[in-house]
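What follows is the residue order along each chain.
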Amino acid sequence: MRAVIQERYGSPDVIELGELPEPVPAEGEVLIEVRAASLNGSDRENLAGSPFYARIGGLRRPRRPVPGSDVAGVVVSVGSAVTEYAPGDEVFGELLGYRGGLAEYAATPPKLLARKPPGLSFVDAAAIPQAGCIAYRATQGVKGGDAVLVNGAGGAGGALVVGLAKHLGAEVTAVDRADKADYLREIGADEAIGYEDEDWADRRGRYDRVIDLIGHRSPYRVQRALKPGGAYLMVGGRTRILFATLLAGPTAGLGAKKRVRVLVVPQSRADLEAVTALVVGGVVAPVVDRVYPLDQAPEAFARIASGDNRGKVVVEVAAPR
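In this report, the structure presented in the accompanying data block is examined. (Residues numbered from 1 in each chain as written. Predicted model: local features only at pLDDT ≥ 70, side-chain atom pairs only at ≥ 80, totals over all residues. Heavy atoms only, no water.)

### Overview of the sheet that holds strand E11 (residues 207–212)
Part 1 of the reasoning: Ordered in space as E10-E9-E8-E11-E12-E13, the six strands form an open sheet in which the pairing is parallel. Of all strands in the sheet, those bounded by a partner on one side alone are strand E10 (191–194) and strand E13 (259–262). Ignoring which end each strand starts from, the neighbouring axes of this sheet average 15° apart.
Part 2 of the reasoning: As defined by bridge partners, strand E9 (residues 171–176) adjoins E10 across four bridges and the pair is classed as parallel. Note that in E10 the partner of Val-175 across the bridge is Ile-193. (Pairing = 2+ DSSP bridges. Helix = DSSP H or I, 4+ residues; strand = E, 2+ residues; numbered from the N terminus. Axes fitted to C-alpha atoms, helices over the stretch in contact; angles between N-to-C directions.)

### A word on the pattern of salt bridges
Part 1 of the reasoning: What the rule picks out here adds up to 21 salt bridges.
Part 2 of the reasoning: For the salt bridge of Arg-177 with Asp-179, the shortest nitrogen-to-oxygen distance reads 3.0 Å.
Part 3 of the reasoning: By relative accessible area, which is 47% here, Asp-179 ends up partly exposed.
Part 4 of the reasoning: For Asp-308, the salt bridge goes to Arg-177, with nearest N and O atoms at 2.9 Å. On the criterion of sequence distance, the pair formed by Asp-308 in the loop between helix H9 (297–306) and strand E15 (312–316) and Arg-177 in the loop between E9 and helix H5 (181–186) is long-range, its members being 131 residues apart.
Part 5 of the reasoning: Take Asp-308: its relative accessible area is 28%, and that puts it in the partly exposed class.
Part 6 of the reasoning: Residue classification places Arg-177 among the buried residues on the basis of a relative accessible area of 17%. (Salt bridge = Lys/Arg side-chain N within 4 Å of Asp/Glu carboxyl O. Buried < 20%, exposed > 50% of the residue type's maximum accessible area, 1.4 Å probe, protein only.)

### Describing the packing of aromatic side chains
Part 1 of the reasoning: Counted according to the given criterion, the structure contains zero aromatic pairs.
Part 2 of the reasoning: The ring of Phe-122 has Lys-116 sitting right over it, with the charged end atom 4.7 Å from the ring centre. (Phe/Tyr/Trp six-rings, centres within 6.5 Å; stacked < 30°, edge-to-face > 60°. Lys NZ or Arg CZ within 6 Å of the ring centre and 35° of its normal.)

### Topic: helix H3 (residues 129–138)
Side chains three or four residues apart in an α-helix point the same way, a direct result of the helix having 3.6 residues per turn.
Part 1 of the reasoning: Most of H3 is tucked away: eight of the ten residues are buried.
Part 2 of the reasoning: Residues of H3 that are buried: Pro-129, Gln-130, Ala-131, Gly-132, Cys-133, Ile-134, Ala-135 and Ala-138.

### A word on the environment of Tyr-232
Part 1 of the reasoning: Checked against the element boundaries, Tyr-232 lands in strand E12 (residues 226–234).
Part 2 of the reasoning: Once the C-alpha coordinates of Tyr-232 and Asp-212 are considered, the two residues, 20 residues apart in sequence, prove to be 7.5 Å apart.
Part 3 of the reasoning: Discounting chain neighbours no more than four positions away, the residues touching Tyr-232 are Trp-200, Val-210, Asp-212, Gly-215, Val-222, Leu-226, Arg-259, Val-260 and Arg-261. (Contact = heavy atoms within 4.5 Å.)

### Concerning the pairing of strand E6 (residues 105–108)
Part 1 of the reasoning: Only one face of E6 is buried, namely the one carrying Ala-106 and Thr-108, since none of Tyr-105 and Ala-107 on the opposite face is buried.
Part 2 of the reasoning: Sheet topology places strand E3 (residues 30–39) next to E6; four bridges connect them, and they run antiparallel. When the bridges of E6 are listed, Val-30 appears paired with Thr-108.

### What about the nonpolar core?
Part 1 of the reasoning: Formed by 46 residues in total, the largest nonpolar core has its most connected members in Phe-92, Ile-128, Val-148, Val-150 and Leu-184.
Part 2 of the reasoning: Of all the elements, helix H4 (residues 158–167) adds the most residues to this core, at six residues.
Part 3 of the reasoning: Other than its neighbours up to four places away in sequence, Val-148 contacts Val-142, Ala-165, Ala-170, Glu-171, Val-172, Thr-173, Tyr-207, Arg-209 and Ile-211.
Part 4 of the reasoning: Counting residues in hydrophobic clusters, the runner-up holds 32 residues, among them Ala-3, Val-30, Ala-37 and Leu-113. (Core = buried A, V, L, I, M, F, W, Y, C linked by side-chain atoms within 4.5 Å.)

Nothing here speaks to function; it is geometry throughout.
Right under this line is the structure:
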């Protein structure tokens, strides 16, 4: 099968299109013909091997050479222990271990897959899983009138976070590059901040919730932007900030009952199905920035690595049928 191969960590130049044996599903796995795979911030990190936690799948080089975790495709065969899916079923979801999606075929346990709604294209379905589950978890408990700030809103996952927060009645401030301001308003933000122009953490006592997709500020600094009783959720960012938030977060802002923590988002079929129901119902929508063919995967990675993308970058592995 054709597959994108990453033999070492580095820039998009380290990946290339090659040939690998088609995987054979184990008794508890399904084999998917991948039609589309989307890229996330985690895929960018796994390519670079940075932050350091991105090397959990291989300290010196990736143990599994095919990148990509969010896929949509068609089941072509199932292991002997699988009963819930059959050949021909259209499915989508995250791959266990966050790798293996940028290939013509992928074998994976079915527990993280969901049935693709008939009205949803493979490209749109592939754009939902990781970003959708993050958005779903990050906005739990948001209520009408809350002031919510989303840092990194202009990237791969921001549109669903902003969209769900707006659906729940929040006033949303979105932070990203200044040249993305119009886009941030298009996806529903009430206010857009260019990080070159202003540090949102200087806005003392303004927000009920801060959802930080690219954390690089100390927990003691970010808590100042929260109202009493507010919550800061770090989704991704620098390794040292991740550990600082894990260790010091519980005490930062404690006197004002502010919560500062890392948001752990497990791979979850239930969350995927819940957020997809909102997409199908027209409540929120994934935003697809660009679609690349499989042989242009390096360009797709370069697009997301540059930060120029406005929404999800998707690789179409097989042509539409």
